[in-house]
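Reading the structure
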Amino acid sequence: MKRILLFLATNLAIMLVLGITASLLGVNQYLTAKGLNFGALLVFAGLMGFGGAFISLWMSKPIAKWTTGARVIAQPSNPTERWLLDTVARQAQKAGIAMPEVAIYEGAPNAFATGATKNASLVAVSTGLLTSMTHDEVEAVLAHEVAHVANGDMVTLTLIQGVVNTFVIFLARVVAYFVDQFLRRDGEERGPGIAFTITSVVCDLLFGLVASIIVAWFSRQREYRADRGAAQIMGTPRPMIAALRRLGGLDHADLPKNLAASGIAGGGVLALFSSHPSCEDRIAALQQA
């Protein structure tokens, strides 16, 4: 319940900040007496689309710690924590990035990486992953997450999300404007009517659904690339294949919605909306590489 409330509160705060910014800049006045101002609408859509995506990226690390209850290892208190720090440090050096923060959280087998930049990232693993895998398999999972950081996947996905958000907001309001004009009676005052509001909401949902498919496709491609990156860091694809085989047979837990695309294991019911390919497809891709 805490995770859901935090997720909703964060999104509400982001939209409030962006709404105030749009008002101060005057770019929310895209409907004028002369009709639709496409330039102002595009600026408004870009502000809302990219602004929301980048604020979420900037807040990703503290939100990840809060929602998962992840504990950052500042000073290792046992051999496992020392091994985790040493392993990630070695992999980060090989990948050419700064040492990420390393954290452990309670939960079923999973792991994720997040952070606003390559040199300010977080790699977290669950207790379930540590207890259910061999050291080689956990090392491969860590290498996969380090590869995500080295590839700049968090920023790339943010840019993609910003682009699709912008087009969703822009197109939804263009369609809403023309629907509103079509339904307007002769002699009615100009300005947005109830049809504009309703159509905007409906189009936001419909276009957002299509946008989710596009973002999910890009997310799946980055998983294949991170798998290959893990194989390069490890010097062989065998540990990553073994880890994927084990994950495929485990009852892994879903991460919170805002972290789903960051995890090692995940995905949805429908393949088009899944942020991760199946373990079988990822194994096949590694075997063919």
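Residues numbered from 1 in each chain as written. Predicted model: local features only at pLDDT ≥ 70, side-chain atom pairs only at ≥ 80, totals over all residues. Heavy atoms only, no water.

Overview of the pairing of strand β5 (residues 111-115)
Successive residues of a regular strand alternate their side chains across the two faces of the sheet. Note the following rule: Each residue gets one of three labels from its accessible area relative to the maximum for its type: buried under 20%, exposed over 50%, partly exposed in between, using a 1.4 Å probe on protein chains only. We count a stretch as a helix when DSSP gives it H or I for four or more residues in a row; a strand needs E for two or more, and each element gets its number in order from the N terminus. Strand pairing is assigned whenever DSSP identifies at least 2 bridges connecting the two strands.
With respect to burial, β5 is a largely interior element, five of its five residues being buried. Along β5, one buried face is formed by Ala111, Ala113 and Gly115 and the opposite face, lined by Phe112 and Thr114, is buried too. Summarising the sheet, β5 and strand β6 (residues 121-126) pair through five bridges and their orientation is antiparallel. Looking at β6, one finds that alanine 111 is bridged to valine 125. The hairpin turn running from β5 into β6, its antiparallel successor, is five residues long.

Description of the sheet that holds strand β4 (residues 101-105)
Selection rule: Throughout, a contact is declared for two residues whenever any of their heavy atoms are within 4.5 Å. Axis definition: a line fitted to C-alpha atoms, limited for helices to the stretch in contact. Angles are taken between N-to-C directions and run from 0 to 180 degrees.
Overall, mixed pairing links the four strands, which are arranged β3-β4-β6-β5 in an open sheet. Every other strand in the sheet has two partners, leaving β3 (71-72) and β5 as the edge strands with one partner each. Strands in contact with helix α4 (residues 79-95) are β3, β4 and β6; relative to β4, the strand with the most contacts, it is inclined by about 140°.

Regarding the packing of aromatic side chains
We apply this condition: Stacked, tilted and edge-to-face are the three classes applied to pairs of Phe, Tyr and Trp rings, where Trp contributes its six-membered ring and a pair requires centres within 6.5 Å; stacked means planes under 30 degrees apart, edge-to-face means over 60, and tilted covers the rest.
Taken as a whole and assessed by the stated rule, the structure comprises five aromatic pairs. Centre to centre, the rings of tyrosine 105 and phenylalanine 112 are 5.7 Å apart; their planes meet at 40°, and the pair counts as tilted. The exposure classification of tyrosine 105 matches that of phenylalanine 112, with both residues buried. Judged by centre distance (5.3 Å) and plane angle (75°), the rings of tyrosine 177 and phenylalanine 178 are edge-to-face. Tyrosine 177 sits in the buried class, given a relative accessible area of 11%. A relative accessible area of 49% means that phenylalanine 178 is categorised as partly exposed.

As for the pattern of salt bridges
Let me state the cut-off plainly: Throughout this description, the term salt bridge denotes a Lys or Arg side-chain nitrogen within 4 Å of a carboxyl oxygen of Asp or Glu.
What the rule picks out here adds up to 11 salt bridges. The shortest N-O distance in the salt bridge between aspartate 227 and arginine 282 comes to 2.8 Å. Here arginine 282 lies in helix α10 (residues 279-288) and aspartate 227 lies in helix α8 (residues 194-234), a separation of 55 residues in the sequence. One connected set of salt bridges, linked through shared partners, spans Arg222, Glu223, Asp227 and Arg282.

Section: the UniProt feature "active site" (unreviewed entry) in the chain
Formally: UniProt positions are given in the numbering used here, feature names are shortened, and annotations may be inferred rather than shown by experiment.
Mapped onto this numbering, the UniProt entry gives "active site" (unreviewed entry) at Glu145. Relative to the elements of secondary structure, glutamate 145 occurs in helix α6 (residues 135-150).

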